Amino acid sequence: MEDNDTRPPPLTGIQVLDFSQVVSGPICGRMLADLGADVVKVEPLAGDIIRHLPPKLGENATSPYFSWVNAGKRSIAVDLRNEKMAAMVRDLALQSDVVLENFRPGVLEQFGMSSSELRAANSKLIYCSISGWGADNSWSQRRAYAAMVQAEAGRVELDARLRGAPAEQSPHVDGDITPGTLAVSAICAALFQRERDGQGQHLDVSMAESLLYTDEWTSTELAGYDGPRIPDTWLYPVFRLANGTQAAFMGDPHPRLPEVAAALSDEPIGHEESRDDALAILRDLFAQVADFPTLEARMETFGFLVAEVRTVADVAGTPWAQERKVFREVEPGIHLTAAPFRSPGGSIGVSGRAPRLGEHTRTVLAERLGVKAEQLDALEAAGALGQSK
């Protein structure tokens with residue numbers, strides 16, 4: 001965020017009721033909060049399961065993973081099996097601009113909070129559902145964790161085939177993150193359209209379709225092509241230097257082995273037919289380079305590009321990260337990326353720490369619905385709501 005921002009965040013005044021858990025929905029809600037929306041996270045009394053992921057930091061034993069996708073939100077902890085509590089949450093939904101959920105299609109229907117039920121009562125409501133395979137099809141009820149969708153939607157197989165390696169999962173849950181971030185665009189577009197025609201809508205976001213939509217090779221695969229591909233980034237090797245630093249070479253060096261070798265050694269080296277043999281030669285030559293600045297200077301002389309392989313902690317310590325204010329410590333020990341973009345005309349970015357479980361239950365119900373303290377006491381005594389102590 002910039003120090004001279006004078007306008008409020010772009011989604012100021014927009015109320016979001018976020019039923020989602022784990023990653024795909026919560027990352028969407030986090031981004032809406034970063035854009036200024038008031039995002040109220042609805043949690044079961046036990047909390048979102050990722051609250052409990054290690055490590056647990058600080059006196060409040062907060063999970064950085066949970067903070068990553070829930071910073072800037074408010075939390076209410078409720079038992080929707082209690083009819084009075086479910087009715088109150090339904091009223092919250094009807095007062096909201098956006099309802100966000102990532103259950104299997106039909107789950108919220110049992111509480112009277114399906115898209116059709118809520119939108120029949122409030123036609124301006126934007127109801128965003130994120131699910132594995134989308135609603136109203138023969139696969140709608142299939143389980144859809146990120147790793148499952150990544151496997152079933154072609155991502156794992158294609159990655160393995162291009163690398164010529166055994167199939168394996170990514171350490172990143174792209175199957176969750178991709179639909180969650182795309183859902184933000186869909187919600188913002190729906191809010192803009194509502195300004196024009198006064199109508200909300202149901203946004204049906206599919207994890208599988210999101211992966212296919214953002215895979216640059218989907219159309220190539222459907223064309224049945226199995227030849228060389230450019231950019232062939234999976235062939236870009238990483239080499240280790242004499243001081244232990246690793247460097248990523250931008251390109252496949254095999255076809256240009258003599259030229260790359262010439263940038264590293266005075267001894268001429270001919271072309272190797274085997275890519276593995278060529279890489280073995282280059283690994284030996286790169287290992288003789290003292291450090292990355294030396295390598296970068298040599299490579300630039302010959303027109304090659306290399307990048308230093310850094311850890312996230314390394315990046316956080318760079319002048320760039322300091323100048324851009326990339327990270328913000330939202331509570332002791334928990335640093336989050338502030339925002340992926342900047343705007344000179346509006347304050348955008350993480351607005352605070354993640355909420356404690358049920359921290360805002362009483363506040364939200366009293367503020368939004370006018371629920372009296374004695375009613376809240378009765379609900380708490382009945383085990384229908386929770387609040388942080």
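Quick look at the overall build of the protein now. For the protein, the count of helices and strands is 16 helices and 12 strands. The dimensions of the protein, computed from C-alpha atoms along their principal axes, are 85 × 45 × 40 Å. Per-residue burial over the protein gives 43% buried out of 389 residues. Across the protein, contacts joining residues at least 24 apart in sequence account for 69% of those joining residues at least 6 apart. Here the protein has roughly 19,900 Å² of accessible surface; of this, 53% comes from carbon and sulfur atoms. Mean positive and mean negative side-chain charge positions of the protein (37 and 54 charges, respectively) differ by 8 Å.

Next up on the list: helix α15 (residues 361-369). For α15, the set of buried residues is T361, R362, V364, L365 and R368. Check the buried side of α15 and you find it contacts β1 (15-18), β2 (38-43), β3 (74-78), α3 (83-95), α16 (373-381) and β12 (385-386). G370 sits one or two residues past α15 and shows a positive phi near 70°.

With that out of the way, let us pick up the side chain of R229. Relative to the helices and strands, R229 is located in the loop between α9 (218-222) and β7 (238-240). Of note is the side chain of R229, whose polar atom sits 3.3 Å from the backbone oxygen of Y225. In this structure R229 touches L158, R161, L162, W217, T220, E221 and W234, once residues within four positions along its chain are discounted.

The set of residues buried in helix α12 (residues 292-301) consists of F292, L295 and M299. Projected down its long axis, α12 shows its buried positions confined to an angular sector of 60°, all on one face. Residues of α12 that are exposed and angled more than 90 degrees away from the buried face: P293, E300 and T301. The elements touched by buried residues of α12 are β8 (246-249), α10 (257-264), α11 (275-286) and β9 (306-308).

For the rest of this paragraph, the subject is the pattern of salt bridges. Taken as a whole, this structure holds 24 salt bridges when the rule is applied. Put simply, E157 and R161 hold a salt bridge, and the shortest N to O gap is 2.8 Å. On the criterion of helical spacing, the pair formed by E157 and R161 is a turn pair, its members being 4 residues apart in helix α6 (residues 155-163). Overlapping salt bridges, with partners in common, bring together E157, R161, E221, D226 and R229 in one network.

Moving on: the layout of surface pockets. One water molecule sets the probe size; rolling that probe over the atoms shows where empty space is left. Considered as a void within the structure, the largest pocket measures approximately 620 Å³ in volume. In terms of lining residues, the largest pocket is bounded by 24 residues, among which Q21, V22, N102, A144 and Y145 are the most central. Listed by contribution, the elements that provide at least two residues to the lining of the largest pocket are β5 (126-131) and α5 (146-152). Examining the composition of the lining of the largest pocket, we find that 3 residues originate from one element, α5, more than from any other.

Let us now look at the sheet that holds strand β6 (residues 201-206). In spatial order, the strands read β6-β5-β4-β1-β2-β3-β12; together these 7 strands make up an open sheet with mixed pairing. Edge positions in the open sheet fall to β6 and β12, since each of these has one partner strand only. With 4 bridges connecting them, β2 and β3 associate as parallel partners. Within β3, the residue paired with V40 across the bridge is R74.

On to the packing of aromatic side chains, then. As enumerated under the stated definition, the model contains 5 aromatic pairs in all. Between F249 and F304, the ring centres sit 5.6 Å apart and the planes meet at 45°, which makes this aromatic pair tilted. Highlighted residues: F249 in strand β8 and F304 in the loop between α12 and β9, separated in sequence by 55 residues. F304 matches F249 in its accessibility class, with the two residues each being buried. Between the NZ or CZ atom of R142 and the centre of the ring of W139, over which it lies, the distance is 4.2 Å. The side chain of R229 reaches across the aromatic face of W217, ending 5.1 Å from its centre.

Quick notes on the rules
- Residues numbered from 1 in each chain as written.
- Predicted model: local features only at pLDDT ≥ 70, side-chain atom pairs only at ≥ 80, totals over all residues.
- Heavy atoms only, no water.
- Helix = DSSP H or I, 4+ residues; strand = E, 2+ residues; numbered from the N terminus.
- Buried < 20%, exposed > 50% of the residue type's maximum accessible area, 1.4 Å probe, protein only.
- Contact = heavy atoms within 4.5 Å.
- Areas by Shrake-Rupley, 256 points an atom, 1.4 Å probe, with all protein chains shown as cover.
- Lys, Arg positive; Asp, Glu negative; His and termini not counted.
- Charge placed at Lys NZ, Arg CZ, Asp CG, Glu CD.
- Polar contact = N/O pair within 3.5 Å; in protein donor to acceptor, adjacent residues only side chain to side chain.
- Arc of directions from axis to C-beta.
- Salt bridge = Lys/Arg side-chain N within 4 Å of Asp/Glu carboxyl O.
- 1 Å grid on protein atoms, 1.4 Å probe; cavity = no way out; pocket = protein on both sides within 12 Å on 5 of 7 lines; lining within 4 Å.
- Points joined across faces, edges and corners; volume = space filled by probe spheres on them.
- Pairing = 2+ DSSP bridges.
- Phe/Tyr/Trp six-rings, centres within 6.5 Å; stacked < 30°, edge-to-face > 60°.
- Lys NZ or Arg CZ within 6 Å of the ring centre and 35° of its normal.

Such coordinate-based values are descriptive only and should not be taken to indicate function.
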